[in-house]
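Structural description and commentary
Below, each chain spelled out in residue letters.
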Amino acid sequence: MSRLVVVSNRVAVPTDGPAQAGGLAVALREALQENGGIWFGWSGKTSPKPQDEPTMTEVEPVTYATLDLSRRDHQEYYNGFANRTLWPLFHYRLDLADFNRQDYAGYLRVNTHFAERLRPLIREDDDLWVHDYHLIPFASELRRLGVENRIGFFLHTPFPTMEVLLALPSHDRLARSLCAYDVVGFQTVNDLRAFHEYIVHEAGGEILGDNMVRAFGRTLKAEVYPIGIEVETMQRTSAHAMQEPAVRRLVKHMGERNLVIGVDRLDYSKGIPERFRSFERFLEKFPAHQGKVSLMQIAPVSRGEVPEYKNIREELEALAGHINGVYGELDWMPIRYLNKGYPRETLTGFYRTCRVGLVTPLRDGMNLVAKEYVASQNPHEPGVLVLSRFAGAARELDAALQVNPYDQDNVAEALNRAITMPLEERRERWESMMAKVHDSSLDKWRERFLSVLRSVPPGGFGNA
Ligand code: F6P
């Protein structure tokens, strides 16, 4: 079978330590290990000048090839266009999107530079799999350099509706470059529909049978591949994690009380301020829970140099202080707000300990925390998932208590229902969700995408 080349903004180099060994990293690493290959992308470091020759780390049979970004590239490509333009836009936050030509030029420059650096490493029969919004123009840059290999792309975030995408000054070029791939994968049918809408109504393209799209002079396959988790590993780990010191401490401190857990990168798309306000509403509306239920919010800082991320941090500190000040007692605090990350193993134990998983993003590509919370539960006494209808995971997890995260009363009522739900109903809902989590496991996601990519005829589906 052909060799695989994975390209992503961040690369999980094993010699850099276990901190990056998240689910996606493990899945991609396994795909590479099957037939050998290269994982190419940013090293996570900056240096005064762009790095010309990638740093190669061999961990048989995988070669990790990484490049440092210059400070300017980091600012314009990563902090700028990727995280101040595309990220808010793709999460329907036009109010936070910054459209800046210099950042856009930086985004294109890094994509060009990365493609030029990868070009000499590509063999004729390699298959390439590119990930996420940082690298949309990557394939078109490779095509310009004469690369005719199969190239697939998976978008981990939502794809916005046409009306939102049209606000991006460079929407045409971005959509055109997306069509330079042979296979484009989206998280949900909503995202695929939004892409189709743009292709038909703005790009003058066509939707053909068998999920094929013809636009900008190319034919490609665009499909839905909902990403998943390593279900069995998660189940095993969560049972063992109950013996971990941090989990035991939590259980001891909780006593008879119930905990609601939220785990998110500190990002405005996750709806954390709205969640805090809903929790306050819950205490107000259902005072019997005062003194008995707390929200534990774990939110490690993310993209901390981007102004909008600094603002949300300040907002949350003020909100948590306000709610704890108003409702807190000597021996009970309504909100436990932790600005730090925990190892995955410990988190699975936290999920298993907490009666409710509160996952209320305002918009999310998939949200794997929702699936991880489900997989970590004790089958005999599962907790309840309260899930935003705007998370990609809501499509599959229809047995969760689904909420509108903008509606505080709705979330407060769902929390009350979750806390008071009889065991029988908890079990039924959990079993139904587990079946779905199994159906879209991380292995299946990867195997499905790669088998479709590998079925692309040599030279692609042809030009229109
Ligand atoms: O799609 C979500 C995503 O951007 C991933 O690509 C990335 O691994 C994760 O969020 C964390 O973000 P960052 O790499 O900016 O820290």
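Scoring rules and cut-offs
Residues numbered from 1 in each chain as written. Predicted model: local features only at pLDDT ≥ 70, side-chain atom pairs only at ≥ 80, totals over all residues. UniProt positions renumbered as here; feature names shortened; annotations may be inferred. Helix = DSSP H or I, 4+ residues; strand = E, 2+ residues; numbered from the N terminus. Contact = placed C-beta atoms within 7 Å. Domains from an automatic or database assignment. Core = buried A, V, L, I, M, F, W, Y, C linked by C-beta atoms within 7 Å. Buried ≥ 20, exposed ≤ 12 C-beta atoms within 10 Å, placed from the backbone. Near = placed C-beta within 6 Å. Nonpolar A, V, L, I, M, F, W, Y, C, P; charged D, E, K, R; others polar. Pairing = 2+ DSSP bridges. Axes fitted to C-alpha atoms, helices over the stretch in contact; angles between N-to-C directions.

Going by an unreviewed UniProt entry, the protein chain carries the name Trehalose-6-phosphate synthase and comes from Caenispirillum salinarum AK4. The record held by UniProt for the protein chain lists under Function (unreviewed entry) the comment "Probably involved in the osmoprotection via the biosynthesis of trehalose. Catalyzes the transfer of glucose from UDP-alpha-D-glucose (UDP-Glc) to D-glucose 6-phosphate (Glc-6-P) to form trehalose-6-phosphate. Acts with retention of the anomeric configuration of the UDP-sugar donor." For the record of the protein chain, the UniProt heading Subunit (unreviewed entry) holds the text "Homotetramer."

1. Things to note about the environment of Thr-353
Within the secondary structure layout, Thr-353 lies in helix H12 (residues 344-353). Taking the C-alpha atoms as reference points, Thr-353 and Leu-259, 94 residues apart in sequence, are found 7.8 Å from one another. If near-sequence neighbours (up to four positions away) are discounted, Thr-353 is found in contact with Val-247, Leu-250, Val-251 and Leu-259.

2. Things to note about the domain arrangement of the protein chain
You can read the domains of the protein chain as domain 1 (4-228 + 443-454) and domain 2 (231-439). Of note, the centres of domain 1 and domain 2, computed from C-alpha atoms alone, are 30 Å apart. If you look at the interface, domain 1 gives 16 residues, while domain 2 gives 15 residues. The leading source of residues in the side of domain 1 that touches domain 2 is helix H2 (residues 71-90), at three residues.

3. Let's talk about the nonpolar core
Grouped together as the largest cluster of nonpolar side chains are 138 residues, with contacts concentrated most on Ala-370, Leu-385, Val-386 and Leu-387. The biggest single contributor to this core is H2, with eight residues. Here this core spans two domains, since at least three of its residues come from each of domain 1 (4-228 + 443-454) and domain 2 (231-439). Contacts of Val-386, omitting those with residues within four sequence positions, involve Val-356, Gly-357, Leu-358, Val-359, Ala-400, Leu-401, Val-403, Ala-414, Leu-415 and Ala-418.

4. Quick look at the environment of Thr-63
You can see Thr-63 is positioned in strand S4 (residues 62-70). Taking the C-alpha atoms as reference, Thr-63 lies 9.1 Å from Leu-32; in sequence the two are 31 residues apart. Every residue in contact with Thr-63, bar those within four places of it in the chain, is listed here: Ile-38, Met-56 and Glu-58.

5. Quick notes on the site of the ligand
The environment of the ligand is formed by Asn-9, Arg-10, Asp-132, His-156, Thr-157, Ser-302, Arg-303 and Gly-365. A per-class count over the shell around the ligand returns no nonpolar, five polar and three charged. Two domains each put at least three residues into the shell around the ligand: domain 1 (4-228 + 443-454) and domain 2 (231-439).

6. Points about the sheet that holds strand S12 (residues 293-298)
Within a sheet, neighbouring strands are paired by backbone hydrogen bonds and run either parallel or antiparallel to one another. One open sheet accounts for six strands, arranged S13-S12-S11-S14-S15-S16; its pairing is parallel. Edge positions in the sheet fall to strand S13 (335-338) and strand S16 (401-403), since each has one partner strand and no second. Taking the axes of each pair of neighbouring strands and ignoring which way they run, one obtains an average angle of 20 degrees across the sheet. Note: strand S11 (residues 258-263) against S12, six bridges, orientation parallel. The residue bridging Val-260 from the neighbouring strand is Leu-295, located in S12.

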